[in-house]
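# Architecture and fold: a report
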Amino acid sequence: MALDGNTLAGPLSELFAVDVTAAVSRCAGCGQQDAVADLLVYGPDPGWVARCPGCDSVVLRIVRGPSAVWLDLHGSAALRIPL
Ligand SMILES: [Zn+2]
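A brief look at the structure comes next. These numbers come from a predicted model, not from an experiment. (Residues numbered from 1 in each chain as written. Predicted model: local features only at pLDDT ≥ 70, side-chain atom pairs only at ≥ 80, totals over all residues. Heavy atoms only, no water.)

### Some thoughts on the coordination of the zinc ion
The line we're drawing: The rule for donors is simple: an N, O or S atom within 2.8 Å of the metal counts, and for Na, K and Ca the reach is 3.2 Å. Water is not among the atoms, so a site may look short of donors. A site with four donors is called tetrahedral when every donor-metal-donor angle falls between 85 and 135 degrees; four donors are called square planar, and six octahedral, when opposite donors sit more than 155 degrees apart and all other angles fall between 65 and 115; any other arrangement is irregular. Put simply, DSSP marks the helices as runs of H or I at least four residues long and the strands as runs of E at least two long, and each gets a number from the N terminus on. Here the term buried applies to any residue with accessible area under 20% of the maximum for its type, exposed to any over 50%, and partly exposed to those in between, with areas from a 1.4 Å probe on protein chains only.
Listed as protein donors to the zinc ion are C27 (SG), C30 (SG), C52 (SG) and C55 (SG); their distances from the metal cover 2.3 to 2.4 Å. Around the zinc ion sit 4 donor atoms, and with donor-metal-donor angles ranging over 103 to 115° the site reads as tetrahedral. On the primary sequence, the residues serving as donors to the zinc ion are separated as C-x2-C-x21-C-x2-C. Of the two residues, C30 is situated in the loop between β2 (24–27) and β3 (33–35) and C52 in the loop between β5 (48–51) and β6 (58–64); the sequence distance between them amounts to 22 residues. Classification of C52 by relative accessible area gives buried; the value is 1%.

Next comes the structure, spelled out in structure tokens:
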């Protein structure tokens, strides 16, 4: 069962000074634009995976280790972050 993208507010707040859940991502798979808060999120183990509601492609992944965070945005063609 998918959670909504607001679930990522905590993990992303470790990395960014702005609320990235308010950002709009453009899916690299189908071009659909969605607020990060509206992505379909699975996790937390082994990491967070956010999928496009339009085509189910992986838009972003976050994996937190003991000393580093891996942020994979290759499924996001662009991320528009409001300031
Ligand atoms: Zn898509």
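### Details of the sheet that holds strand β8 (residues 76–80)
How we decide: Being paired, for any two strands, means DSSP has found at least two bridges between them. Axis definition: a line fitted to C-alpha atoms, limited for helices to the stretch in contact. Angles are taken between N-to-C directions and run from 0 to 180 degrees.
Within the open sheet, the 3 strands sit side by side as β3-β2-β8. Their pairing is antiparallel. At either end of the open sheet lies a strand with only one pairing partner, and these are β3 and β8. For this sheet, the mean inter-axis angle between neighbouring strands, taken without regard to orientation, is 25°. The pairing of β2 with β3 spans 3 bridges and is classified as antiparallel. Bridge pairing links S25 to D34 in β3.

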